[in-house]
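Tertiary structure, described
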Amino acid sequence: RSIHDFSGTNDRRILWIEYFQATNKYWVTVLDTNAVYSVDGTSLVVTDESGTSNIPSPDTTGGRNDCVPWQGYLYATSTISLRRYNGSGWSAPLTGTSFTGVTDAGFLCVHEQKNWLAISQANQVILINTSHDKQANTLTLPAEFRVTSMDYNNGFIAVGTRNINNGEAKMFLWDGNSTGY
């Protein structure tokens, strides 16, 4: 059943949907400036969160935002920053000792074995620890590839890509320990 019509004059393609158990809400972002919604998991009431302070801004140029629950928070990329939701509000952009933020809107994935967050940046995947410190291991893919998705399974992050030179897409597997795939 349909619970909300996100149609309008702009391209309102849904970029991500993530359920955050701590608040019993689904978070939805669509390809439109500051179009972020929360959906109550019980009543299915939809709330436009666009005016909320520090809300992640959707990437209107390519739709590369992502969201993932980790460490009791909901983490989301916001065009050039990483933010987290604590159940009552969104943080300002996150940084760490050696992590200054994302330089290109990224996809997210939790490396469950290490309990680190993987963040894609164009043709790279970086890892940050629970203190938001960047780890030494960075995966760098060939320059013609851009990350389109990531998922964790059995000690590896599967990295889906597209070829910016109109070549074939590829999937890479990375253990998070090396700099190669």
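Nothing here was measured: the structure is a model prediction, and the numbers come from that model.

Further remarks concern the overall build of the protein. In terms of regular secondary structure, the protein is built from 0 helices and 14 strands. The helix and strand sequence of the protein, counted from the amino end, reads β-β-β-β-β-β-β-β-β-β-β-β-β-β. Per-residue burial for the protein yields a buried fraction of 45% across its 181 residues. When the accessible surface of the protein is totalled, it reaches about 9,000 Å², and 44% of it is carbon and sulfur.

One finds Ala118, Val125, Val147, Met150, Ile157 and Val159 to be the most contacted residues of the largest nonpolar core, which totals 16 residues. Taken together, the elements giving at least two residues each to this core come down to strand E9 (116-121), strand E10 (124-128), strand E12 (145-153), strand E13 (156-163) and strand E14 (171-174). A per-element tally of this core places E12 first, with 4 residues. Apart from residues lying up to four places away in sequence, Val159 is in contact with Val125, Leu139, Leu141, Val147, Ser149, Met150, Lys170, Met171 and Phe172. The next biggest cluster of nonpolar side chains, apart from the first, holds 12 residues, and it includes Trp27, Leu31, Ala76 and Trp90.

Moving on: the packing of aromatic side chains. Given two aromatic rings, one states the distance between the centres and the angle between the planes to describe the pair. For the structure on display, the rule yields 9 aromatic pairs. Aromatic side chains Trp27 and Trp90 sit 5.5 Å apart centroid to centroid with 90 degrees between the ring planes, which places their arrangement in the edge-to-face category. Taken together, the positions of Trp27 in strand E2 (residues 25-30) and Trp90 in the loop between strand E7 (81-85) and strand E8 (108-111) put the pair 63 residues apart, joining distant regions of the chain. You'll find Trp27 and Trp90 in the same group, each marked buried. Ring centres 5.1 Å apart and planes at 40 degrees place the aromatic pair Tyr85 and Trp90 in the tilted group. On the basis of relative accessible area, Tyr85 is assigned to the buried category, the value being 6%. Here the basic side chain of Arg84 rests over the ring of Tyr73, its NZ or CZ set 3.9 Å away from the ring centre.

What counts, and at which threshold
Residues numbered from 1 in each chain as written. Predicted model: local features only at pLDDT ≥ 70, side-chain atom pairs only at ≥ 80, totals over all residues. Heavy atoms only, no water. Helix = DSSP H or I, 4+ residues; strand = E, 2+ residues; numbered from the N terminus. Buried < 20%, exposed > 50% of the residue type's maximum accessible area, 1.4 Å probe, protein only. Areas by Shrake-Rupley, 256 points an atom, 1.4 Å probe, with all protein chains shown as cover. Core = buried A, V, L, I, M, F, W, Y, C linked by side-chain atoms within 4.5 Å. Contact = heavy atoms within 4.5 Å. Phe/Tyr/Trp six-rings, centres within 6.5 Å; stacked < 30°, edge-to-face > 60°. Lys NZ or Arg CZ within 6 Å of the ring centre and 35° of its normal.

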